[in-house]
Amino acid sequence: SQQGEEDPQALSIQEGENATMNCSYKTSINNLQWYRQNSGRGLVHLILIRSNEREKHSGRLRVTLDTSKKSSSLLITASRAADTASYFCATAAEDSNYQLIWGAGTKLIIKP
Amino acid sequence: DAGITQSPRHKVTETGTPVTLRCHQTENHRYMYWYRQDPGHGLRLIHYSYGVKDTDKGEVSDGYSVSRSKTEDFLLTLESATSSQTSVYFCATRAGTGGHEQYFGPGTRLTVT
C-alpha cells in the first residue's frame, strides 16, 4: 500500500521559478525522505527529515514537515533545466526502519 | 554514490520461464532491497534482506523469491514469469548503521511476452 501521496502529479514551470511539491502520509513516521529520479535512471536520495524536525535545507532544497497534518513539502528554488525529473517522497514508519513506503511521485518539467 | 550494479539491464523473456536478476554492491551495506516500478505507482517492495541469508517478504512478493549468500549479492528470481511481472526492477541498499537513506542501482527493464 502506498503511504505517501504526492501532489501535484505533474508540474511544469519556467526556469528560474520555484517549484513546490507536497506529500501526505497516513501513519506515524520516524523520518521522511525525498528522492529524485531522472528519466530511465535509478533514484537518488535528496534529503531526509526526522519526525522531530520541522524544516531542513540543502542547497536549493527546502523541506518542511508537519506531523500534525501528516504532510511534507519540497521546495526547489531558482529551478534549472537539470531539475527536470520525477520526485518521490518515502516514509519510514516508527516501528520499522527497514522499509520505506513510497508515493507515486511528482513529475517536474522545467521549461527553458 | 554507492557502487550498485544490476544485471542484466534489459531482458525479454517468455511467459512461464524462470528469470534471475542480479544486484551487486561494493559498499558492504547490510540491507538490500528489490523493488518494482510501474507507471502510476511509486516503488513497491518485493523482498528485502537484512543480512546474509536473512530475507523477508515485502508488499508484492507473490511469484518472486530471493537469495543472499554473500553480503555483496542479492538475487531476485521470478519462478515462472507472467506478463504482470513486466516492469522495471530496482535494487537498493542501505548501510544500516544509523544511515537511513537508500542507494539505488540503475534498474533492469524486464518484458515478459
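Structure first, text after, so check above.
One structure accompanies this document, and this report is about it. Keep in mind the model is a prediction, meaning the values are calculated, not measured. (Residues numbered from 1 in each chain as written. Chains lettered and ligands numbered in written order. Predicted model: local features only at pLDDT ≥ 70, side-chain atom pairs only at ≥ 80, totals over all residues. Heavy atoms only, no water.)

### Brief notes about the overall build of chain A
Line of reasoning, step 1. Secondary structure assignment for chain A yields zero helices and 11 strands.
Line of reasoning, step 2. Taken over the C-alpha trace, chain A has a radius of gyration of 13 Å; the compact-globule value for 112 residues is 13 Å, and the two agree within 12%.
Line of reasoning, step 3. Here the C-alpha coordinates of chain A stretch approximately 45 × 30 × 20 Å along the principal axes.
Line of reasoning, step 4. Taking contacts inside chain A between residues at least 6 apart in sequence as the whole, the part at least 24 apart equals 56%.
Line of reasoning, step 5. For chain A, the exposed surface amounts to about 5400 Å²; the carbon and sulfur share of it is 45%.
Line of reasoning, step 6. A distance of 4 Å separates the average location of the 13 positive side-chain charges in chain A from that of its 11 negative side-chain charges. (Helix = DSSP H or I, 4+ residues; strand = E, 2+ residues; numbered from the N terminus. Rg over C-alpha atoms; globule rule 2.2 N^0.38 Å. Contact = heavy atoms within 4.5 Å. Areas by Shrake-Rupley, 256 points an atom, 1.4 Å probe, with all protein chains shown as cover. Lys, Arg positive; Asp, Glu negative; His and termini not counted. Charge placed at Lys NZ, Arg CZ, Asp CG, Glu CD.)

### Here's the deal with the interface of chain A and chain B
Line of reasoning, step 1. With 22 residues of chain A in contact, the opposing surface of chain B contributes 20 residues.
Line of reasoning, step 2. Interface of chain A and chain B: buried area, both sides summed, is about 1700 Å²; carbon and sulfur atoms make up 51% of it.
Line of reasoning, step 3. Where chain A touches chain B, the interface holds zero salt bridges.
Line of reasoning, step 4. There are five residue pairs in polar contact (both at pLDDT 80 or more) connecting chain A and chain B.
Line of reasoning, step 5. Listed by contribution, the elements that provide at least two residues to the side of chain A that touches chain B are strand S4 (29-37), strand S5 (43-50) and strand S10 (100-102) of chain A.
Line of reasoning, step 6. The element best represented in the side of chain A that touches chain B is S4 of chain A, accounting for five residues.
Line of reasoning, step 7. For the side of chain A that touches chain B, a count of residues per class yields eight nonpolar, 12 polar and two charged. (Buried area = accessible area lost by both parts, 1.4 Å probe. Salt bridge = Lys/Arg side-chain N within 4 Å of Asp/Glu carboxyl O. Polar contact = N/O pair within 3.5 Å; in protein donor to acceptor, adjacent residues only side chain to side chain. Nonpolar A, V, L, I, M, F, W, Y, C, P; charged D, E, K, R; others polar.)

### Observations concerning the environment of Ile46 of chain B
All names here are of chain B.
Line of reasoning, step 1. Tracing the backbone through its elements, the reader meets Ile46 in strand S5 (residues 43-51).
Line of reasoning, step 2. Measuring from C-alpha to C-alpha, the distance between Ile46 and Gly63 comes to 9.6 Å, with 17 residues separating the pair along the chain.
Line of reasoning, step 3. Once residues within four sequence positions are removed from consideration, Ile46 is found in contact with Trp34, Tyr35, Arg36, Lys57, Gly58, Val60, Ser61, Tyr64, Leu76 and Tyr89.

Just geometry here; none of it tells us what the structure is for.
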